[in-house]
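# Descriptive structure summary
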Amino acid sequence: AFVHRILHQQPFGILKYAMTLDGKIATTTGHSAWVTSKASRHLVHQLRSTCDAVIIGGNTVRQDNPSLTSHGLSEHNPLRVVMSRSLDLPVDCNLWHDHLAETLIFTENNDPRQQQILLSKKTNIITVAALTPKIVMEHLYQRGISKVLWECGGRLAAKAIADGTIQKVMTFIAPKIIGGTEAPSPVGNLGLNLMTEALPLKQVTTKVIDCDILIEGYLRS
């Protein structure tokens, strides 16, 4: 992460997601607790303790109500970053009540009344003209951040990949089948139409964690 930051003037990005054997990160209703085993979730908590920041989208806040901390495994908790164009976020959620770590919201909405509601929850807000993963990573770079964990949904994950802000992928695969043609997938539309256009990973490793399989690899630059 440090070398990447120096060479590219950008934090090192890790996309982490958990999916079922048929490639779903949640049911058709959005329910996702829990896709993987307790052992896999424990490893994710350890991973967060090694990162400077963790990024999610507004939909993840609404659907999962995460805490995004290391859950007591370390004294270090990453900066929690929420990307929300509209600031249509719940008034009551774990991110506002858990003060173990700082929460930073990036938005395009400059309505002072709507911002004040979230500012009263001890959050910080940065308003940008166009909310993109690249813009967010540029701001985090200026804050001195080196290693960023993306724990977002498929739509934001696709944008982060397309923007070149993801260097490593960590995929937890659970031996479960949920089905559903409308059930969300881990990565949204990348505009690729041929299998020959698929993005290959390099330096791929696999690991068994309880009943799950962890696949790790690096995206080609």
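Basis of the calculations
Residues numbered from 1 in each chain as written. Predicted model: local features only at pLDDT ≥ 70, side-chain atom pairs only at ≥ 80, totals over all residues. Heavy atoms only, no water. Phe/Tyr/Trp six-rings, centres within 6.5 Å; stacked < 30°, edge-to-face > 60°. Helix = DSSP H or I, 4+ residues; strand = E, 2+ residues; numbered from the N terminus. Buried < 20%, exposed > 50% of the residue type's maximum accessible area, 1.4 Å probe, protein only. Pairing = 2+ DSSP bridges. Contact = heavy atoms within 4.5 Å. 1 Å grid on protein atoms, 1.4 Å probe; cavity = no way out; pocket = protein on both sides within 12 Å on 5 of 7 lines; lining within 4 Å. Points joined across faces, edges and corners; volume = space filled by probe spheres on them. Nonpolar A, V, L, I, M, F, W, Y, C, P; charged D, E, K, R; others polar.

### Notes on the packing of aromatic side chains
Applying the stated criterion to the full structure yields one aromatic pair. Note on Phe12 and Tyr218: the rings are 6.5 Å apart at their centroids and 55° apart in plane angle, and the pair reads as tilted. Of the two residues, Phe12 is situated in strand S1 (residues 12–20) and Tyr218 in strand S9 (residues 212–219); the sequence distance between them amounts to 206 residues. According to the relative accessible area criterion, Phe12 is buried, its value standing at 13%.

### Quick look at the pairing of strand S7 (residues 168–174)
For S7, a buried count of seven out of seven residues is recorded, marking the element as mostly surrounded by other parts of the structure. Covered by surrounding structure in S7 are Lys168, Met170, Phe172 and Ala174 together with Val169, Thr171 and Ile173, the residues of both alternating faces. Sheet analysis places S1 next to S7, joined by seven bridges and oriented parallel. Within S7, the position partnered with Leu15 by the bridge is Val169. Where S7 lies against S9, six bridges are found, and the strand directions are antiparallel. Bridge pairing links Phe172 to Leu214 in S9.

### Quick word on the side chain of Thr60
Relative to the assigned elements, Thr60 resides in helix H3 (residues 58–64). In contact with Thr60, other than residues within four places in its own chain, are Asn65, Pro66, Glu151, Cys152 and Gly153.

### Some details on the layout of surface pockets
Of the voids in this model, the largest pocket is the one considered here, and its volume is about 1400 Å³. Around the largest pocket, the lining comprises 49 residues; the ones closest to its centre are Thr60, Asp64, Glu151, Cys152 and Gly153. When contributions to the lining of the largest pocket are tallied by element, the ones reaching two or more residues are S1, helix H2 (38–49), strand S2 (53–57), H3 and helix H7 (154–162). Element by element, the count of residues in the lining of the largest pocket is highest for H3, at six residues. Computed from the structure, the second largest pocket encloses a volume of approximately 420 Å³. Every residue lining the second largest pocket is counted, 18 residues in all, and those nearest its centre are Ile166, Gln167, Leu219, Arg220 and Ser221. Contributing elements (two or more residues each) for the lining of the second largest pocket: helix H1 (2–8), strand S8 (201–209) and S9. The element best represented in the lining of the second largest pocket is H1, accounting for four residues. The residue makeup of the lining of the second largest pocket, split by class, is ten nonpolar, six polar and two charged.

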